[in-house]
Amino acid sequence: MTAIQANTMNIELWQSIGAIADNEELMSKLTKYAKKLVKEKKDPTLFTKDEFMTNIEEARKGSTMMFDSIEELDKHISSL
């Protein structure tokens, strides 16, 4: 979606909200629907407990590195 399209949608949304703002029943319905949409939105950064544990197990299978200091870690990261 382009910035212009997003801006147009935002304007339309606020105009629609303004049109029903004086109607308590419609505002109540809108609020409930907005809450439902928020619940449907899945945050891609969240894991279920099973996904998290699977990631931990996969990480344990890989090679590991140990550093004696944060400076050594910084040098290693900088060299990548």
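Keep in mind that what you see is a predicted model, and the values were worked out from it rather than measured.

## A word on the overall build of the protein chain
Phase 1 of the analysis: A tally of regular secondary structure across the protein chain gives four helices and zero strands.
Phase 2 of the analysis: In terms of overall size, the protein chain is more extended than a compact globule, its C-alpha atoms giving a radius of gyration of 24 Å where 80 residues would be expected to give roughly 12 Å.
Phase 3 of the analysis: The C-alpha extent of the protein chain, read off along each of the three principal axes, is 65 × 30 × 20 Å.
Phase 4 of the analysis: Here the protein chain, with 80 residues, has 1% of them falling under the buried criterion.
Phase 5 of the analysis: Per element, the accessible surface of the protein chain, about 7,800 Å² overall, is 60% carbon and sulfur.
Phase 6 of the analysis: Distance between charge centroids for the protein chain: 7 Å, based on 11 positive and 14 negative side chains.

## Observations regarding the pattern of salt bridges
Phase 1 of the analysis: Scanning the model with the defined rule gives three salt bridges in all.
Phase 2 of the analysis: For Glu-58, the salt bridge is made with Lys-61, and the minimal N-O distance between the two is 3.2 Å. On the criterion of helical spacing, the pair formed by Glu-58 and Lys-61 is a turn pair, its members being three residues apart in helix H3 (residues 49–61).
Phase 3 of the analysis: On the accessibility criterion, Glu-58 (46% relative accessible area) is partly exposed.

## Quick word on the confidence of the model for the protein chain
Phase 1 of the analysis: Summary statistics for the protein chain give a mean pLDDT of 92 and a share of 100% for residues scoring 70 or more.
Phase 2 of the analysis: Per-element confidence in the protein chain ranges from a low mean pLDDT of 91 for H3 to a high of 95 for helix H1 (residues 3–20).

Definitions and limits used
Residues numbered from 1 in each chain as written. Predicted model: local features only at pLDDT ≥ 70, side-chain atom pairs only at ≥ 80, totals over all residues. Heavy atoms only, no water. Helix = DSSP H or I, 4+ residues; strand = E, 2+ residues; numbered from the N terminus. Rg over C-alpha atoms; globule rule 2.2 N^0.38 Å. Buried < 20%, exposed > 50% of the residue type's maximum accessible area, 1.4 Å probe, protein only. Areas by Shrake-Rupley, 256 points an atom, 1.4 Å probe, with all protein chains shown as cover. Lys, Arg positive; Asp, Glu negative; His and termini not counted. Charge placed at Lys NZ, Arg CZ, Asp CG, Glu CD. Salt bridge = Lys/Arg side-chain N within 4 Å of Asp/Glu carboxyl O. pLDDT = per-residue confidence, 0-100.

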